[in-house]
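Observations on the three-dimensional arrangement
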Amino acid sequence: MPAPCQPHLCHPQLSAEQTSAEQTPSPKEQEWAGPEALCPGWLEDEAPDGEVPEDSGDPDCATHAYELLQSALRQEGLPHTLDRSTEPRTGFGPLDMTVCILGSPTSFLPILLEGGARCPGAMVLCLSPTWASRVPSETSPGAWSLLLSRGVSFEAGGHSVLETFVPPRRANYVTGTFTTGGPEGGWVGELARDLDCPTGGSVPLAHRLEDPLVTRWVLAARAGLPVPPTLAFVLGPGGDLPTDPVAPGVRLVRLEDPQGQESLVQEEVGAFLGGTAMEPYSQVAVRPAGWRWRGTGARSTHGKEEGAAVAQAVGARLCGLQEEESVLLEALVPTARLPAPPPRSPAPRLPVALRICTLVCRSWGDRPQLCQVACGVGRAEVPVRHGAALPQGLDSSLQQWGVVAPGQRQALATRLQGAAEAAMAAILATEAELSPQQRGGARVHTDILGVDFLLACMDDALELVALSTNSQRCLETCLLAEAMGRGVGNPPGDLPRLLAEALLHRAQCHLVEGKDILLIGAGGISKSFVWEAARDYGLRIHLVESDPEHFAAGLVQTFLPYDSREHRRDEEHAERVTELVRARGLRPHACLSYWDDCVVLAALVCQRLGLRGSPPAAVRVAKQKSRTHQHLQRCRRGRPPPAAFAVPCRRLQSHGDVERAAGTVPFPAVAKLEFGAGGVGVRLVESAGQCHAHAARLWRDLRDDADHPGIGLGWGNAMLLMEYVPGTEHDVDLVVFEGRLMGAWVSDNGPTRLPAFLETAACLPSCLPADRQAQLVRAALQCCLACGLRDGVFNVELKLGPGGPRLLEINPRMGGFYLRDWIREVYGPDLLLAAVLVALGLPPVLPARPVPRTHLAGVMCLDSEHGPALGCGGGLEALRALQNRGLVRLNRLFEETAGTGEYEEPCLSVACNGVTRAEACLRLLGLCQALGIDSPRYPVEYFLSHFK
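Residues numbered from 1 in each chain as written. Predicted model: local features only at pLDDT ≥ 70, side-chain atom pairs only at ≥ 80, totals over all residues. Heavy atoms only, no water.

1. Looking at a negative patch on the surface
Where we set the bar: The residues that make up patches have over 30% relative accessible area and no salt bridge, and they are joined within 9 Å when like-charged or within 5 Å when they are Val, Leu, Ile, Met, Phe, Trp or Tyr. Only the protein chains shown count as covering a residue, and every accessible area follows the Shrake-Rupley method with a 1.4 Å probe. Only one rule defines a salt bridge in this text: a Lys or Arg side-chain nitrogen within 4 Å of an Asp or Glu carboxyl oxygen. Positive charges are assigned to Lys and Arg, negative charges to Asp and Glu, while His and the chain termini are left out of the count. We put the charge of a Lys on NZ, of an Arg on CZ, of an Asp on CG and of a Glu on CD. Numbering of helices and strands runs from the N terminus; a helix is a DSSP stretch of H or I covering at least four residues, while a strand is a stretch of E covering at least two. Exposure classes here rest on a 1.4 Å probe applied to the protein chains alone. A residue is buried below 20% of its type maximum, exposed above 50%, and partly exposed in between.
A contiguous patch of negative charge on the surface is contributed by Glu 256, Asp 257, Glu 323 and Glu 324. Among the structural elements, Glu 256 can be located in the loop between β10 (250-255) and α7 (262-273). The exposure class of Glu 256 is exposed, given its relative accessible area of 70%.

Next comes the structure, spelled out in structure tokens:
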């Protein structure tokens, strides 16, 4: 029996110094433990021994499945399903969401219940092939649409309803129990094959996931994870593997015919058993591999020294194979044994095995996200199979194993998360290389993945060894662990929520495909992401743009050149645009604008076309800064009322207005353009004289849009004088649907270069504690609702001082600069998609409890300060090379210098990420110092100093 990992030899983060040494078991104890004491406890599941329901005359087992559902609902303390099947439900349209779960009523029940709470009626359970039909797709030649004529839909409060749908209801997302050998495996796979909507899994993909050789190659070669040393004999070409697979720890031998291969088998087996990879191990297992063999228990174990017996066992297994199947000879890797405190009882301590089960989902932005971990513990000589033991948590399991220090356990949990997510990323990348036929359809992906690990001791350090993947068993194990926690009063975990959000998000992405979006205003290079996103989401963009030569003309479905730069005539423009749209025969499903200058025009066009959007009057109030604050000052209902967030200000159209404003607005004050954007022309003024001077310069230099496009001069160059508000500056990006907050993200801005207020630096997530962020979000929401902004994606700029939040301005459109990109990177959701969904009349599904995946810190670059370093100094090329390697994030704001002198705008945002905010800031500072972005005139270290 191997000695325990010694503390001084373990991974430094996983030192076991706090534990005492464990005595090596005596020979008698070893004999009692049996010859399989080193069995790792991770062998595949045996065939189930449970009772099989008798044939009740129901050919598709729908009655039995329905009874199982009722039993499961009773166990959860929920009401039974209400049968309304005799009252057909009608009225489903192209924008109604349907997430269809095929097959088992119990495997997905918590997800169905959570989805029903988030989107009542959207989750539908199909228990029988007679409840659904396949018809040729109208949008995807060669594919099929799944129509539901009957199903169990889930509502808020745990209610479920058996319904019939007339006409049949079209599925927007489909998944189910694709496991092989189950009672519903055949019809589930057939219904889900070659669909035109996103499909979470298929029988072909389940076969790949259940083939230990295929997944072991992917885990080792693509994910770079340790796997048990494996020698595989494959019968036939092995179509699921590359021609010449190379993976650390895995050797593959192809055999055309198992007959007459005895010498080759003996040679390969001898080389494997005597190789360096097998030196730490004393036992091996021989078993057939392939999806057909899952759960059969067909395996034998041998000592490493029994070379002849091992070769004979391999040869015997080869005789029973079908083409594309294999025989695996693999090392039995024992669970790590750590020094542990002396047992409370003098009875001998037996070797035990630990199986770590992880569940990962394809989350926002197609990124793998670890949802839950559950561990199975059992006797070492009896494999710990899924369902054979009650699951327990990772932290308590590690404590039981002797990992005493919390920091060590957290380090292992972090490594486990990275390994599980890397495994799914590798699986998804491999699937992307398959043909639609190999995947089971063009829209098929693995959206929920189980990955099993073993905690081993390798080179005297703890190591996570990846064992296998599966499509269903880890889901069932983790949902069982979730239910057990609720049974002892633990708060609901995140698993059902995360999976329901992922499935609903996929369905919403499918809903927007092919929708006609009328977009008002293209914007500049900073909005280039719009065209790429439109292609990825399948949107048909019809663009109204003032510049007839705009680069986006060739990137959209329809280009409608129309000069609307004089926005004081937006009522007239709206009539002309509406006529133009109708003359082209366009029937847009939604109309919106991401460009600040065009938000009022977009609202007016929406109104004329009968499309959803904020009222033009509300957008006008938000667009004109002085009107925003003056309107809020009159809103005195609420606790606190919106008036509490308003700031005293006065409109300036002449020098006489400056004198009158100086009598009511205290100095220091802030003077800026009434309809401005990008911080251009914003200045701190200490006196009326300074305000006069600044206004004179601005009114002379910035007269109309031609002087500086894109900063609101199409509305005129009126100004306002507002009280200076001390405190830290923050952006709050909101998603609001029918007055209800759907999502909010808070970012922090660094100190500006006074007297100007041009942005210098930012970070996401916010440094603020949760309660202070909540203050900002509530203030931003109240201000938007008070102005009449009840539907849309809005960017709100606020200051936060000791007395709470104060409003700077409301931008009645999606946040600009880098914000959309950063929020996607840190949290996952896409503000652009959210804006489209709201405009279509659909409440966006967003994370109920967003958790940052990383930290970002960024700095703005100016051509006047950084042009030489970025241009002829080669800095920009270096940054692009770093971006290609994923080491920085660049957001180009302008292709050419925008403005000069005091009217200059940033040209580039440069950001670095990190596990912590401090790490992100440190990386960014080092980069800026190396490239010459940091200087005495532009002190990046000072700009970042506020992010603590």
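Still to come is the rest of the account.
2. Notes on helix α12 (residues 473-487)
For the record, the criterion: For a helix, the expected span equals 1.5 Å multiplied by the number of residues minus one. In this analysis, two residues are considered to be in contact whenever any of their non-hydrogen atoms come within 4.5 Å of each other.
With 15 residues, α12 extends 21 Å between its outermost C-alpha atoms, agreeing within 8% with the 21 Å of an ideal straight helix rising 1.5 Å per residue. Arg 473, Cys 474, Leu 475, Thr 477, Cys 478, Leu 479, Ala 481, Glu 482 and Gly 485 are the residues of α12 that are buried. In the core, the buried residues of α12 are packed alongside α3 (109-118), β14 (352-362), β15 (368-379), β17 (448-458), β18 (461-470) and α13 (495-512). Just past α12, the residue Gly 489 takes up positive phi, approximately 90°.

3. Things to note about unusual backbone geometry
Residue Pro 668 follows Phe 667 across a cis peptide bond; omega there is 0°. Looking at the element boundaries, Pro 668 is found in the loop between α19 (655-662) and β24 (669-673). Cis geometry marks the peptide bond from Leu 764 to Pro 765; its omega dihedral reads 0°. With respect to the helices and strands, Pro 765 occurs in the loop between β29 (761-764) and α21 (770-787). Although it is not a glycine, Asp 194 sits at a positive phi angle of roughly 55°. Secondary-structure assignment places Asp 194 in the loop between α4 (185-191) and β8 (199-200). Although it is not a glycine, Asp 366 sits at a positive phi angle of roughly 60°. Within the secondary structure, Asp 366 sits in the loop between β14 and β15.

4. Observations regarding the sheet that holds strand β34 (residues 908-914)
The criterion, for reference: Whether two strands pair comes down to DSSP finding at least two bridges between them. To obtain an axis, a line is fitted to C-alpha atoms, over the contacting stretch when the element is a helix, and the angle between two such axes runs from 0 to 180 degrees between their N-to-C directions.
Ordered in space as β31-β30-β27-β28-β29-β32-β34-β33, the eight strands form an open sheet in which the pairing is antiparallel. Here the strands that pair on one side only, and so sit at the sheet edges, are β31 (804-811) and β33 (889-892). Across this sheet, the average inter-strand angle for adjacent strands is 25°, counted without regard to direction. By the bridge criterion, nine bridges tie strand β27 (residues 728-737) to strand β28 (residues 740-749) in an arrangement that is antiparallel. In the strand pairing of β28, Glu 729 is matched with Asn 749.

5. Examining the confidence of the model for the protein chain
To keep things clear, this is the line we draw: Each residue carries a pLDDT score, the predictor's confidence in it, ranging from 0 to 100.
Here the protein chain averages 87 in pLDDT, while 90% of its residues score no lower than 70. Between residues 6-57, whose pLDDT stays under 50, and residues either more than four places distant or in other chains, the model counts 113 contacts.

6. With respect to the packing of α13 against helix α23 (residues 831-840)
Filter applied, for reference: Each angle gets one of four labels, with under 35 degrees taken as roughly parallel, over 145 as roughly antiparallel, 65 to 115 as roughly perpendicular, and the rest as oblique. Crossings are classed by handedness, with left-handed meaning an anticlockwise turn of the near helix from the far one by less than a right angle and right-handed meaning a clockwise turn. Lys, Arg, Asp and Glu make up the charged group, whereas Ala, Val, Leu, Ile, Met, Phe, Trp, Tyr, Cys and Pro make up the nonpolar group; the residues left over, Gly among them, are polar.
With their axes 11 Å apart at the nearest point, α13 and α23 run at an angle of 65° to one another. One element, α13, and the other, α23, form an angle in the roughly perpendicular class. Considering how the two elements wind past one another, α13 and α23 form a crossing that is left-handed. Residues His 505, Gln 508, Cys 509 and Val 512 of α13 lie in contact with α23, whose contacting residues are Leu 833, Val 836, Leu 837 and Leu 840. Residues that form the contact of α13 with α23 fall into these classes: six nonpolar, two polar and no charged.

7. Focus on the pattern of salt bridges
Going through the model one piece at a time under the given rule, you end up with 46 salt bridges. Close ionic contact of Arg 367 with Glu 825 constitutes a salt bridge, the shortest N to O distance being 2.3 Å. With Arg 367 in the loop between β14 and β15 and Glu 825 in helix α22 (residues 819-826), this pair connects stretches of sequence that are 458 residues apart. For Glu 825, a relative accessible area of 11% translates into the label buried.

8. Side note on the pairing of strand β19 (residues 516-520)
Condition: For crossovers, right-handed means that the path from the first strand over the helix to the second runs clockwise, given strands pointing away from the viewer.
In terms of burial, β19 is largely enclosed, as five of its five residues are buried. Every second residue of β19 is oriented toward a common face, with Asp 516, Leu 518 and Ile 520 on one face and Ile 517 and Leu 519 on the other, all of them buried. Taken together, the five bridges between β19 and strand β20 (residues 540-545) define a ladder with parallel strand orientation. Pairing of Leu 519 across the sheet is with Leu 543, part of β20. Crossover handedness for the path β19 to helix α14 (residues 529-537) to β20: right-handed. Judged from the three bridges that link them, β19 and strand β22 (residues 590-592) form a sheet pairing that is parallel. Its bridge partner lying in β22, Leu 518 is registered against Cys 591.

9. Side note on the packing of aromatic side chains
Defined as follows: Working definition: a ring pair exists when centres of Phe, Tyr or Trp rings (six-membered ring for Trp) sit within 6.5 Å. Plane angles under 30 degrees give stacked, over 60 give edge-to-face, the rest tilted. Two limits define a charge over a ring: the Lys NZ or Arg CZ must be within 6 Å of the ring centre, and within 35 degrees of the ring normal.
In the structure shown here, the tally under the stated rule is seven aromatic pairs. On the basis of an interplanar angle of 15° and a centroid distance of 5.3 Å, the ring pair of Phe 675 and Trp 715 is categorised as stacked. Of this pair, Phe 675 sits in the loop between β24 and β25 (683-685) while Trp 715 sits in the loop between α20 (688-701) and β26 (719-723); the two residues are 40 residues apart in sequence, bridging distant segments of the chain. On the accessibility criterion, Trp 715 (9% relative accessible area) is buried. When the ring of Tyr 938 is compared with that of Phe 943, the centres are 5.0 Å apart and the planes differ by 80°; the resulting orientation is edge-to-face. For the pair Tyr 938 and Phe 943, one class covers both residues: buried. Through a chain of ring-to-ring contacts, three or more aromatic side chains come together here, namely Phe 817, Tyr 818 and Trp 822. The ring of Phe 165 carries Arg 169 above its face, with NZ or CZ at 5.2 Å from the centroid.

10. What to know about the sheet that holds β20
The parallel open sheet is built from four strands, whose spatial order is β21-β20-β19-β22. Looking at the sheet topology across the chains shown, the edges are occupied by β21 (558-561) and β22. Strand-to-strand, the axes of this sheet are offset by a mean angle of 20°, without reference to chain direction.

11. Some points on a nonpolar patch on the surface
A cluster of nonpolar residues, Leu 390, Leu 480 and Met 484, forms a patch on the protein surface that exposes about 270 Å² of accessible area. Structurally, Leu 480 can be placed in helix α12.

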